[in-house]
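What follows is the residue order along each chain.
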Amino acid sequence: MTDERGGERGYPPLTGASLVLAAIALSMGNFMVVLDTTIANVAMPTISGDVGVSTTEGTWIITAYAVAEAITVPLTGWLSRRFGQVRVFVACTIAFVICSVACGLSGSLGILVFFRVLQGLTGGPLIPLSSTLLISVFPKAKANVALSIWGLMTVVAPIFGPIIGGYVSDNFHWGWIFYINIFFGVFVGTAAWLLLRNRETPIERSRIDVVGLGLLVVFVTAFQVMIDKGRELDWFSSGFIVGAAVTAAVALGLLIIWELTDDQPVLDLTLFRSRNWLVSTVTLALMFGLFFGNIVLTPLWLQQMMGYTATWAGFATAPMGALAVLTAPIVGRLLAKIDPRLIVTYGMAVLAVSFFMRARFTAQTDYFHVAMAMFVLGAGVPACLVTLTSLGVADLPRERAAGGAGLQNFIRIMAMAVGASLTSTYWDHMIKASRANLVANIDPMAGATPPPELPPEAGLPVFSKLVDAQAVMLATNRFYAMAAILILVFAGVIWLAKRPKGPLKPVSH
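Residues numbered from 1 in each chain as written. Predicted model: local features only at pLDDT ≥ 70, side-chain atom pairs only at ≥ 80, totals over all residues. Heavy atoms only, no water.

Engineer: How should I be thinking about the overall build of the protein in this particular structure?
Structural biologist: From N to C terminus, the protein includes 20 helices and zero strands. In the protein, the share of contacts with a sequence separation of at least 24, taken over all contacts with a separation of at least 6, comes to 84%. Accessible surface for the protein amounts to roughly 20,800 Å². Of this, 68% is attributable to carbon and sulfur atoms. (Helix = DSSP H or I, 4+ residues; strand = E, 2+ residues; numbered from the N terminus. Contact = heavy atoms within 4.5 Å. Areas by Shrake-Rupley, 256 points an atom, 1.4 Å probe, with all protein chains shown as cover.)

Written as structure tokens, this is what we have:
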């Protein structure tokens, strides 16, 4: 039960410096885990070279973490009931730091991937628990502010990942992209234990759904491998990808059947009967998949075509965080006053404006215009993420809210992986198609005369490089034009939800 003033099971809300410190620590715990979903992306070529493997093999550094994190997020409810929310949060923080240090010390790909799996397993529960504990320490009247802080960290962390990862890989040993978690983790774990150890939730002995968990592990692993390796192996022309797809499909089918018949399922699939939870979760998955595809594509485009270093590619995406920081608290306050479907629609429209701005870029676009498009994006993401997360659990009974939040986060993480893979696949395909179209319509000899400072034989290679650059630019423009249209279509999905009865308030789950 929740005290009228706020807090969990009658505990009064924190006040003053204790509340501020708890809010910073808990939100930083979420930031630390989400940061690690993208921090290794730009550093992956450096890591691969250092441990003596190809860049293709190095993608397992990213995949292993995502798979493990997705598996343990839905287990958070059971872990909290069995050991207590505060104990699980602090224990996972400590384990996450230890695994991070082990990742930085790894000298081979196999060892690094092993500790990335452990890092993902220990980090997964921190995502929903940071939200749960944040809401529990705030006064009831300010619960939306708590959720806004959590949503803000979820938004800005993927942005800072490429910035920090790029800067570290350009200037220091790559191990520091993992060692920085020591500073985050020590603060988060210490502050959480000192401030919350006397606010522990009750412990109850309950069995774990071993069969469901096993099927979940098989499904997530096979599915992640399929989308991660599909582009490299030409998708379903590869027997390996077909095998992974069949394994994922069979495991998913069996998982659904088992979870619907088990008394204590690891995934509460009956949540799909809740109209608002279903609509908000589907909308969140569509929106976040497209958003994360943008986060993946922008640094690639800047580095491959525009000549940016990893560090400057990160800086170009950073302005998004500015408006995200400013608008997240505003969204939290508006939730109790405005139809949440209107807030989501506004957020989607802002995203569409940002995508449209980038659909008009050219090969001569400067840093200011790139940064401005990302700056605009920051005003839309919190409106979507904070509102959809709150709407998803608002109509659920309190005892089912934890399961609802966990399953929603699981689906969001899976949508991120799908969005990144589909974006990369589409972009690669459009680069090839655009280049073929340009070559078919341009006489290469017309531009074969090189500048005076180059030898005559350099004309055709220089011209070919120019064609390649324009093909990349056209592919990028087409992706963002398509993204602008899709995000507006996705905005219509939220209107399938019912308007909540009374003000929308987050549930302490």
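Engineer: When you look at the side chain of T423 in this model, what are you seeing that I'm missing?
Structural biologist: With respect to the secondary-structure elements, T423 resides in helix α19 (residues 398-441). Engagement of the side chain of T423 in a polar contact is seen with the backbone oxygen of G419, the distance being 2.7 Å. Contact partners of T423, with chain neighbours within four places excluded, come to G293, L297 and F479. (Polar contact = N/O pair within 3.5 Å; in protein donor to acceptor, adjacent residues only side chain to side chain.)

Engineer: In this structure, what is going on with a nonpolar patch on the surface? I would like to understand it.
Structural biologist: Taken together, the side chains of F236, V242, V246, V250, L254 and I257 make up a nonpolar region of the molecular surface, amounting to roughly 550 Å² of accessible area. With respect to the element layout, I257 can be found in helix α12 (residues 239-261). Looking at I257, the relative accessible area reads 55%, which means it is exposed. (Patch = residues over 30% accessible without salt bridge, like charges linked within 9 Å, V, L, I, M, F, W, Y side chains within 5 Å. Salt bridge = Lys/Arg side-chain N within 4 Å of Asp/Glu carboxyl O. Buried < 20%, exposed > 50% of the residue type's maximum accessible area, 1.4 Å probe, protein only.)

Engineer: Please explain the environment of A415 as it appears in this structure.
Structural biologist: Along the chain, A415 turns up in helix α19. Assessed through its relative accessible area of 12%, A415 is described here as buried. Between the alpha carbons of A415 and F292 there is a distance of 8.6 Å; along the sequence they are 123 residues apart. Apart from the residues lying within four places of it in its own chain, the contact partners of A415 are A285 and G289.

Engineer: Just to check I follow, could you spell out helix α14 (residues 310-317) for this structure?
Structural biologist: A turn of α-helix holds 3.6 residues, and therefore any two residues three or four places apart point the same way. The buried count for α14 comes to six of eight residues, which makes it a mostly enclosed element. The complete set of buried residues in α14 reads A310, T311, A313, G314, A316 and T317.

Engineer: Got a minute to help me understand the nonpolar core in this structure?
Structural biologist: One broad rule of soluble globular proteins: the nonpolar side chains tend to lie buried together. In terms of nonpolar packing, the biggest core is built from 142 residues, with V220, M287, W301, F355, F410 and I487 touching the most fellow members. Sort the elements by how many residues they give to this core and helix α13 (residues 275-304) lands first, with 13 residues. When residues no more than four places from it in sequence are discounted, the contact partners of M287 are M348, L351, V381, C384, I487 and F490. Core analysis: the second largest hydrophobic core is formed by five residues, V331, L335, I343 and A383 among them. (Core = buried A, V, L, I, M, F, W, Y, C linked by side-chain atoms within 4.5 Å.)

Engineer: How should the packing of helix α16 (residues 340-359) against helix α18 (residues 381-394) be read in this particular structure?
Structural biologist: Relative orientation and spacing of two packed helices are given, respectively, by the angle between their axes and the distance between those axes. In contact at an axis separation of 7 Å, α16 and α18 are set at 150° when each is read in the N-to-C sense. Comparing the axis directions of α16 and α18 gives the class roughly antiparallel. Between α16 and α18 lies a crossing of left-handed hand. The residues of α18 that touch α16, namely those facing P340, I343, V344, Y346, G347, M348 and L351, are V381, A383, C384, T387, L388 and L391. (Axes fitted to C-alpha atoms, helices over the stretch in contact; angles between N-to-C directions. Parallel < 35°, antiparallel > 145°, perpendicular 65-115°, else oblique. Left-handed = near helix turned anticlockwise from the far one by under 90°.)

Engineer: Even after reading the chapter, I still don't get the packing of α13 against α18, so can you show me in this structure?
Structural biologist: Interaxial distance between α13 and α18 falls to 8 Å at its minimum, and their mutual angle equals 155°. Classed by the angle they form, the pair α13 and α18 counts as roughly antiparallel. The crossing of α13 and α18 is left-handed. Together, N276, W277, S280, T283, L284, M287, F288 and F291 of α13 and V381, C384, L385, L388, T389, L391 and G392 of α18 make up the contact between the two elements.

Engineer: Looking at this model, I keep getting lost on helix α10 (residues 176-196). Mind explaining?
Structural biologist: Here α10 is 21 residues long and its end C-alpha atoms lie 30 Å apart, about the 30 Å a rise of 1.5 Å per residue gives. Considering bend angle alone, the principal kink of α10 is centred on F184 and spans about 30°. I177, F178, Y179, I180, N181, F184, G185, V188, G189, A191, A192 and L196 are the residues of α10 that are buried. (Expected span 1.5 Å × (residues − 1). Bend = angle between axes of the 7 residues up to and from the residue.)

Engineer: Mind showing me how you'd approach the packing of aromatic side chains here?
Structural biologist: One pair of aromatic rings is described through two measures. These are the centre distance and the angle between the planes. Applying the stated criterion to the full structure yields 15 aromatic pairs. On the basis of an interplanar angle of 50° and a centroid distance of 6.4 Å, the ring pair of Y426 and F479 is categorised as tilted. Of the two residues, Y426 sits in helix α19 while F479 sits in helix α20 (residues 459-493), which places them 53 residues apart along the sequence. Classification of Y426 by relative accessible area gives partly exposed; the value is 25%. Each member of the aromatic cluster is reached from another via a ring pair, and the members are F355, Y426, F479 and Y480. Positioned above the aromatic ring of F83, the side-chain terminus of R82 is 5.2 Å from the ring centre. R412 extends its terminal NZ or CZ atom over the ring of F288, reaching a point 5.1 Å from the ring centre. (Phe/Tyr/Trp six-rings, centres within 6.5 Å; stacked < 30°, edge-to-face > 60°. Lys NZ or Arg CZ within 6 Å of the ring centre and 35° of its normal.)

Engineer: Would you explain the confidence of the model for the protein in this entry?
Structural biologist: Detail in the predicted coordinates should be disregarded across regions flagged by low pLDDT. Overall, the prediction assigns the protein a mean pLDDT of 81, with 90% of residues at 70 or greater. Ranking the elements of the protein by mean pLDDT puts helix α3 (residues 55-58) last, at 64, and helix α6 (residues 85-105) first, at 93. Segment residues 1-8: pLDDT under 50, and 29 contacts once partners within four positions in sequence are set aside and those in other chains are kept. (pLDDT = per-residue confidence, 0-100.)

Engineer: Sorry, what's going on with the pattern of salt bridges here?
Structural biologist: Note on pairing: side chains with opposite charge can pair once their charged atoms come close. As enumerated under the stated definition, the model contains three salt bridges in all. When the shortest N-O distance is used, the salt bridge between D339 and R341 registers 2.8 Å. According to the relative accessible area criterion, D339 is buried, its value standing at 6%. By relative accessible area, which is 14% here, R341 ends up buried.

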